[in-house]
Amino acid sequence: MPDLQTPGEPVPIPTGSNTIGSMDGTSADINPSGHRRYSGGRVLLTNSQPESESFTEPNTSLATGSHWANGTHPVPTRHFSLVEDFEPDLIGDAHNFGDERDLGHRIFVNRSLHLEKIKFFGFDMDYTLAVYKSPQYETLGFNLVKSRLLAMGYPNELNQFHYDPSFPIRGLWFDSHYGNLLKVDAYGNILICCHGFRFLKQSEIYEHYPNKFLSLDESRVYVLNTLFNLPETYLLACLIDLFTNTPGSTATPAGVKCGDLFMSFKSIFQDVRNAVDWVHEKGDLKLKTVENLEEYVVKDDRLPMLLTRMRESGAKVFLLTNSEYWFTEKIMTYLFDYPHGPMLKDPHRNWKTYFDCIVLDARKPLFFKEGTILRRVDTSTGALRIGSHTGPLQQEHVYSGGSCDVFTQLIGAKGKDVLYIGDHIFGDILKSKKIRGWRTFLIIPELVHELHVWTAECKLFAKLQSLDVTLGETYKDLDSSTLEKPDISDLRSAIRQVTHEMDLAYGMLGSLFRSGSRQTFFSSQVVRYADLYAATFLNLMYYPFCYMFRAPAMLMPHESTVAHEQIFVADSPVFSRSRQTSVLEEKEKEATTAHVNAVSSKAAEQNSSGAVTHVRPETPKKVTHHHDEDDSEEESDKSG
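The structure contained in this document is the topic of the report that follows.

The rules behind the values
- Residues numbered from 1 in each chain as written.
- Predicted model: local features only at pLDDT ≥ 70, side-chain atom pairs only at ≥ 80, totals over all residues.
- Heavy atoms only, no water.
- Axes fitted to C-alpha atoms, helices over the stretch in contact; angles between N-to-C directions.
- Helix = DSSP H or I, 4+ residues; strand = E, 2+ residues; numbered from the N terminus.
- Left-handed = near helix turned anticlockwise from the far one by under 90°.
- Contact = heavy atoms within 4.5 Å.
- Salt bridge = Lys/Arg side-chain N within 4 Å of Asp/Glu carboxyl O.
- Expected span 1.5 Å × (residues − 1).
- Buried < 20%, exposed > 50% of the residue type's maximum accessible area, 1.4 Å probe, protein only.
- Arc of directions from axis to C-beta.
- Pairing = 2+ DSSP bridges.

## Things to note about the packing of helix α11 (residues 425–434) against helix α15 (residues 521–529)
Their axes nearest at 10 Å, the elements α11 and α15 cross at an angle of 35 degrees. Helix-helix and strand crossings are classified by hand; for α11 and α15 the assignment is left-handed. Here α11 contributes Ile425, Ile429, Leu430, Lys433 and Lys434 to the contact with α15, which in turn contributes Phe522, Gln525, Val526 and Tyr529.

## Here's the deal with the pattern of salt bridges
Oppositely charged side chains are able to pair whenever their charged atoms sit close together. Under the criterion given, the structure shown has 14 salt bridges. Note that glutamate 204 and arginine 198 form a salt bridge whose closest N and O atoms lie 2.9 Å from each other. The salt bridge partner of aspartate 531 is arginine 439, with a shortest N-O separation of 2.8 Å. On the criterion of sequence distance, the pair formed by aspartate 531 in the loop between α15 and β24 (532–534) and arginine 439 in strand β21 (residues 439–443) is long-range, its members being 92 residues apart.

## Quick notes on helix α14 (residues 489–506)
Residues that lie three or four places apart on an α-helix share one face, since the helix turns once every 3.6 residues. Look at α14: 26 Å from first C-alpha to last across 18 residues, which is about the 26 Å you get at 1.5 Å a residue. Here α14 has its buried residues at Leu491, Ile495, Val498, Thr499, Met502, Asp503 and Tyr506. Projected onto a plane normal to the axis of α14, the buried residues spread over an arc of 140 degrees and lie on a single side. In the core, the buried residues of α14 are packed alongside α12 (447–456), α13 (458–475) and β22 (514–515). Looking one or two places after α14, you find glycine 507, whose phi comes out positive at around 150 degrees.

## Focus on the side chain of threonine 440
Considering the arrangement of structural elements, one finds threonine 440 in strand β21. Accessibility expressed as a relative area gives 0% for threonine 440, which makes it buried. Excluding residues within four positions of it along the chain, threonine 440 makes contact with Leu419, Tyr420, Ile429, Ser432, Lys433, Tyr529, Ala530, Asp531 and Leu532.

## Notes on the sheet that holds strand β7 (residues 120–123)
Here we have 9 strands laid out as an open sheet, ordered β5-β24-β21-β20-β7-β16-β17-β19-β18, and mixed in their pairing. The open sheet has two edge strands, β5 (108–109) and β18 (375–376), and neither has a second partner. Strand direction decides the pairing type here: β5 and β24, joined by 2 bridges, are antiparallel. From the neighbouring strand, phenylalanine 108 faces β24, where its bridge partner is tyrosine 533. Most of the contacts of α11 go to β21, to which it runs at about 165 degrees, and overall it touches β20 (418–422) and β21.

Below, the structure is given as structure tokens:
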């Protein structure tokens, strides 16, 4: 993976510009000191040097959620100012937000979390403890679902399609009414629309979706959120493309008519869904997986060591998975199949000894609501024992089903005591966060590729920023008296082209987290529900269990594009709401204070009977703004 500090191409910096353009052709301010402000309030460029100077821009990362939205741009790795007293060691690595670890070992933070307060580490198995190799596993799933559809009567032409990993990404919506795959932002605004393999033009999108918007209606829209959905996503595109382009077929808005046969997009979707469920529940997917574990499952000898360190830190570790016993036993035995234990000097141990409790067949997200009956599994046969288990959960015993209420009561956990680690944004993360208040750690294996492109394609980002500066130069001397508008058509075309190249660097449907300047629906869910996220939970190896994960500030455009050192002078006197400082002149301050005191004294005399306890609020002398949700009540009470 490219190093974060690898410099990009020099970017010429015109002087005198006071605006910059965003990727969609709008502009954002450059303050008079020449500093361009970005997400996180960092200084990226300064144009105080002569025009002959050039600036070498550092690579950027996804570390603090920097983005191209709303006129903001990636946060630089460091503060840069071409001045004589520049001291990089004092400035530090602003983009890493105090985390100097290798980029491949980083854990990214949406909400602050103090690791030493976590008493229980919970793990999902599929795509978390057991990471399935890509694209091998998606190809296997695609071929099995394809075979099932052929057995259901779908045409043999379907055999000509082979899985293409460059096409599907997670987080797409499938509109079963029109048969379109949609990449949308957090609010349902359509960013990309595909009908089969054809990307619809903007005018075509407006024909189907007024205002390029679609609400999340579960009767019409299916969110393809999981890694298991990737083969399904591509197969839907294959089928829509196949039927739409079949000779003699007639396309309609809701489906395709072939002679007397009408294939609605909704029926195609339902058939694919049923085939996927059949392959996972009754088909050969799991059987073929365990028959060739080396081909499909990633094995890492850091796993036993990390789980052991977690328990040595005083925390308990549990496994909570939807998989049944026989499959879990095969997968976990393989993952812990080493001649040694956590350390080379330690003897081999059975995988069950690394967990304090093990729950299978959890049926998440149902587990986080009413759940099912909790039963003990007979590990010699895999059968469930009769009756409901009510006693304590014992180490090396295996349990099936249950509910979050029963489970947390048996292990003695409160909501924020638990950090649950999983890959399923709905089944693992959203429900455990919203319903039970567990802290959440989302595993996003695609982050490896995302970070690689984010850092490797620095030339494209530099080119885009150069176009932004040129756009700013075009408008710098214009105001409301301007009658002749400048021609920016070539610039906008160039910006669109570079943005397109950036998107294609990630794949045919672009980045998992964004499209151009807009964050995706998937990205918004990550921000909303995942306290932490990383490519693998094994990155916890590189943090002490007393670590305080601090979330970066989420800035509004008026904060991210304005330098703190910039002097703001109001057009008229401004009354300060602060009781500590004011922008009024000293005489006005004194007059205001005297007036307030007089009113307060008069009111106090009138209410000497004690009918009104407080005539005005007192200025707090202790911390009252508990912005960091990981602060404990004890710590807050001690603050002052």
